[in-house]
Amino acid sequence: MIRVVLATLLSHYRRHPGQLAMLLLGLWVAGALWSGVQAINASAKDNYARAEAMLGGSLVRLERDNGAPLTHDDFVALRRAGVPVSPLLEGERVTDSGVRLTLVGIDPFTLPSGSSLGSTEGQLQDFIAPPWQVRLAPDTQVQLGEVVRLQNGTVLPPMVADSGLPPNMAVMDMAIAAQLLQAGDKITALIGRFEQVPAGFRQVTSAGPGELTQSFHLNLTAMALLALVVGLFIVQAALGLALEQRLGLLRTLRALGVPGRSLTGLLALELLLLGLLGAVAGLVSGVWLAGRLLPDVAATLQSLYDANVSAGLSLPWHYWLGGMGVTLGGLLLAGSGV
């Protein structure tokens, strides 16, 4: 009997296919825009998390308190004084394909534990001795190809993928980094864990990319939420019209002995079936839309906040559940107001 009643309720959309199309269209558009923006935000936040975890949460960066450049002699002097510091050399270079890379030179022997920089892949000998190795995020390695040549014609050492690194960052031994950056004996900073900052130096703190771009992603979320609400208003209007036109059918079913609770439950089941169809279509379309828009968003974040975001999507498992949950929850909220 339940199957017959459900088929009877759904037969309304055979006679009014326009209402079904409007209902699914509203769900599809709302779900696609919401899911697309959340996919962009989730991928960007994953990149920010990798960047912030790169040096470990408890590591401190030191620079001279008078602003003078650090040199290798500063590192040697502090190590001889018993201060557990490790040198860090950073600089930017552009490849012949136009990709801007942040080159990071480290000393794996003195680097404190807890940093993703210290987990050199493969044999340590290959990392610290010619022809050396360069570690990159997997998506950056795919983007650059097998052989990477800088604009000055220099070819980077062989590459090794490391999923713990942020995009557009190349980690290598200090020796080859100094050659590529033409830094001589200069270093960018000294890092380590200290109970007290050594005399003559100051601790350097800077906001992470997640903090800098928080307002940008908040605006994206607000725009997506507005699109979701507009789409759900369209859905609510279509549901209200469908229910109004089926009042006579509902009275007839009640007169034939169908309990009111059963009718309510079947209407909710109908709403759930239509919602699943629209939510899945919106989620798939949202991921496709995010994939098309993410390179432009990454370029915007790079130019405005100097934040490196991969052009490829990186979606956690809870993104899929969250996308379905928000769309279906909004649909049930819209249906409850009919």
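The structure presented is a predicted model; accordingly, all values stated were derived computationally and were not measured. (Residues numbered from 1 in each chain as written. Predicted model: local features only at pLDDT ≥ 70, side-chain atom pairs only at ≥ 80, totals over all residues. Heavy atoms only, no water.)

A. Summary view of the pattern of salt bridges. Considering all chains together, one arrives at 6 salt bridges under this definition. Across the salt bridge formed by Arg 64 and Asp 74, the nearest N and O atoms sit 2.4 Å from each other. Residue Arg 64 is found in strand E1 (residues 60-64), and its partner Asp 74 is found in helix H3 (residues 72-80); the two are separated by 10 residues along the sequence. Judged by relative accessible area, Asp 74 falls into the buried class, the value being 9%. Among the salt bridges present, the one from Arg 135 reaches Asp 162, with a minimum N-O distance of 2.2 Å. (Salt bridge = Lys/Arg side-chain N within 4 Å of Asp/Glu carboxyl O. Helix = DSSP H or I, 4+ residues; strand = E, 2+ residues; numbered from the N terminus. Buried < 20%, exposed > 50% of the residue type's maximum accessible area, 1.4 Å probe, protein only.)

B. Representation of the layout of surface pockets in the model. In this structure, the second largest pocket spans a volume of roughly 330 Å³. Along the walls of the second largest pocket sit 18 residues, with Gln 143, Asn 168, Ala 298, Val 309 and Ala 311 positioned nearest its centre. A per-element tally of the lining of the second largest pocket places helix H10 (residues 260-305) first, with 4 residues. When grouped by side-chain class, the residues that make up the lining of the second largest pocket number 7 nonpolar, 9 polar and 2 charged. (1 Å grid on protein atoms, 1.4 Å probe; cavity = no way out; pocket = protein on both sides within 12 Å on 5 of 7 lines; lining within 4 Å. Points joined across faces, edges and corners; volume = space filled by probe spheres on them. Nonpolar A, V, L, I, M, F, W, Y, C, P; charged D, E, K, R; others polar.)

C. Structural detail: the packing of helix H8 (residues 214-245) against H10. For the pair H8 and H10, the least separation of the axes is 12 Å and the interaxial angle reads 155°. One element, H8, and the other, H10, form an angle in the roughly antiparallel class. Relative to H10, H8 is oriented so that their crossing is right-handed. In contact with Ser 215, Phe 216, His 217, Leu 239 and Leu 243 of H8, H10 contributes Leu 267, Leu 271, Val 297, Thr 300, Leu 301 and Tyr 305. The residue inventory of the contact of H8 with H10, partitioned by class, reads 8 nonpolar, 3 polar and no charged. (Axes fitted to C-alpha atoms, helices over the stretch in contact; angles between N-to-C directions. Parallel < 35°, antiparallel > 145°, perpendicular 65-115°, else oblique. Left-handed = near helix turned anticlockwise from the far one by under 90°. Contact = heavy atoms within 4.5 Å.)

D. Geometry of a nonpolar patch on the surface. A cluster of nonpolar side chains, contributed by Met 22, Leu 25, Trp 28, Val 29, Leu 33, Leu 226, Val 230 and Ile 234, occupies part of the molecular surface with about 670 Å² of accessible area. Elements with a contribution of two residues or more to the nonpolar patch: helix H2 (17-52) and H8. With 5 residues, the single largest contributor to the nonpolar patch is H2. Along the polypeptide, Trp 28 turns up in helix H2. (Patch = residues over 30% accessible without salt bridge, like charges linked within 9 Å, V, L, I, M, F, W, Y side chains within 5 Å. Areas by Shrake-Rupley, 256 points an atom, 1.4 Å probe, with all protein chains shown as cover.)

E. Focus on helix H11 (residues 317-336). Counted at 1.5 Å a residue, the expected span for H11 with its 20 residues is 28 Å, and the 29 Å between its end C-alpha atoms agrees. Turning to H11, its buried residues number three or more, namely Tyr 319, Gly 323, Met 324, Thr 327, Leu 328, Gly 330, Leu 331 and Ala 334. Down the axis of H11, the buried set is contained in an arc of 155°. They therefore lie on one face. Exposed residues on H11 whose side chains face more than 90 degrees from its buried face are Trp 317, Leu 321, Leu 333 and Ser 336. (Expected span 1.5 Å × (residues − 1). Arc of directions from axis to C-beta.)

F. Geometry of the nonpolar core. Residues Leu 23 and Val 309 are the most contacted members of the largest nonpolar core, which totals 35 residues. If one sorts the elements of this core by residue count, H10 sits on top with 10 residues. Ignoring sequence-local partners within four residues, the contact set of Leu 23 consists of Tyr 13, Val 235, Ala 238, Leu 239 and Leu 274. If you look at the next biggest cluster of nonpolar residues, it comprises 32 residues, including Leu 89, Leu 101, Ala 177 and Ala 178. (Core = buried A, V, L, I, M, F, W, Y, C linked by side-chain atoms within 4.5 Å.)

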